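What the coordinates show
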Amino acid sequence: MSGRERFVIRATLYARGVYLACLLHAWPLHRVTARVRRPDRLGIRADWCVSPETAAELIERLFGRWTLPFTSRCLVESLLLFALLHPVVPQVRLDIGLKVEGEYPFSVTGHAWVSVDGRPLLARDRTAPSTFRSVMAVSGSRHVFPLQRRGSVWAVR
């Protein structure tokens, strides 16, 4: 792959990340997750993704250097990585979790991560499944987890 091709891939992925960051401010989360579940992969070519580990490495390197405007980086990175992988890796899963600490007033922290066969892809997410309680999960296969609303939180069962 030439330097020009690598630049085009990185620029395209970063532009899609900014697009997702903007969507997160305009749409509710369930609409954004429905958007990344579409088979068009946000217009990202399928041959850019050799393996889940390679895609995770690329996303981590790309967004580790550049800060995304408007929103938390972990959510945008996870949404983008999920959009990149879900059509070709049916075992991929996007989790959005919360951690509540202390007594009233509570401290609530949120985090998003992508896993394949239960193993988080990004290095910083290795402890996320044990640290955060998943409140929303989206599977790579449209037939495994239909989107449902549970109380005030959208959930996937």
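Every chain begins its residue count from 1, and numbering advances along the sequence as written. Note on the predicted model: pLDDT of at least 70 is required for a residue's local features to be given, and 80 or more for side-chain atom pairs to be given and counted; whole-chain, interface and lining totals, by contrast, use all residues. The side-chain values count all of the structure's non-hydrogen atoms but skip hydrogen atoms and water molecules.

Let's talk about helix 1 (residues 3–26)
- Secondary structure counts use DSSP, requiring at least four H or I residues in a row for a helix and at least two E residues in a row for a strand, with both numbered from the N terminus. Expected helix span is given by 1.5 Å per residue-to-residue step, counting one fewer step than there are residues. Under the 1.5 Å per step criterion, the end-to-end length of helix 1 is 35 Å for 24 residues, consistent within 8% with the ideal 34 Å.
- Between buried and exposed lies partly exposed: a residue is buried under 20% and exposed over 50% of the maximum accessible area for its type, with that area taken using a 1.4 Å probe on protein chains only. Every buried residue of helix 1 is listed here: I9, T12, L13, G17, L20, A21, L23 and L24.

A word on the nonpolar core
- By nonpolar core is meant a set of buried Ala, Val, Leu, Ile, Met, Phe, Trp, Tyr and Cys residues that side-chain atoms within 4.5 Å join together. Counting residues in each nonpolar core, the largest one holds 39 residues, and the members touching the most others are L13, L20, L79, L80, L81 and L85.
- Residue assignment for this core shows that the elements contributing at least two residues are helix 1, helix 2 (29–36), helix 3 (52–65), helix 4 (73–85), strand 1 (92–101), strand 2 (107–116) and strand 4 (133–139).
- Sorting elements by how many residues they give to this core places helix 4 first, with 10 residues.
- Note on contacts: a residue pair qualifies if any of its non-hydrogen atoms lie within 4.5 Å across the two residues. Every residue in contact with L85, bar those within four places of it in the chain, is listed here: C49, P52, A55, V92 and L121.

Section: the environment of R6
- In this fold, R6 is placed in helix 1.
- Put simply, R6 and W48 are 42 residues apart on the chain and 9.7 Å apart in space, counted from C-alpha to C-alpha.

Remarks on the layout of surface pockets
- What the largest pocket holds in volume is close to 210 Å³.
- Each cavity reported here is a set of points on a 1 Å grid over the protein atoms alone in which a 1.4 Å probe fits but cannot get out, each pocket an open set with protein on both sides within 12 Å along at least five of seven lines, and each lining residue one with an atom within 4 Å of a point. M1, R6, I9, R10, D47, W48, V50, T54, A55, E57, L58 and R61 are the residues that line the largest pocket.
- Of all the secondary structure elements, the ones that give two or more residues to the lining of the largest pocket are helix 1 and helix 3.
- Considering every element that reaches the lining of the largest pocket, the biggest residue donor is helix 3, with five residues.
- Among the residues making up the lining of the largest pocket, the classes are represented as six nonpolar, one polar and five charged. Grid points are joined across faces, edges and corners, and a volume is the space filled by probe spheres set on the points. Here the term charged refers only to Asp, Glu, Lys and Arg, the term nonpolar to Ala, Val, Leu, Ile, Met, Phe, Trp, Tyr, Cys and Pro, and the term polar to all other amino acids, Gly among them.

What about the packing of helix 1 against helix 4?
- Put simply, helix 1 and helix 4 touch, their axes get as near as 9 Å, and they point 120° apart. Comparing the axis directions of helix 1 and helix 4 gives the class oblique. For the pair helix 1 and helix 4, the crossing hand works out as right-handed. Contacts between helix 1 and helix 4 pair L13, R16, G17, L20, A21 and L24 from the former with L75, V76, L79 and L80 from the latter.
- Grouping the constituent residues of the contact of helix 1 with helix 4 by class yields eight nonpolar, one polar and one charged. Axis definition: a line fitted to C-alpha atoms, limited for helices to the stretch in contact. Angles are taken between N-to-C directions and run from 0 to 180 degrees. Our angle categories are set so that under 35 degrees counts as roughly parallel, over 145 as roughly antiparallel, 65 to 115 as roughly perpendicular, and the remainder as oblique. Two helices that cross are described as forming a left-handed crossing if the nearer one is turned anticlockwise from the farther one by less than a right angle, and a right-handed crossing if clockwise.

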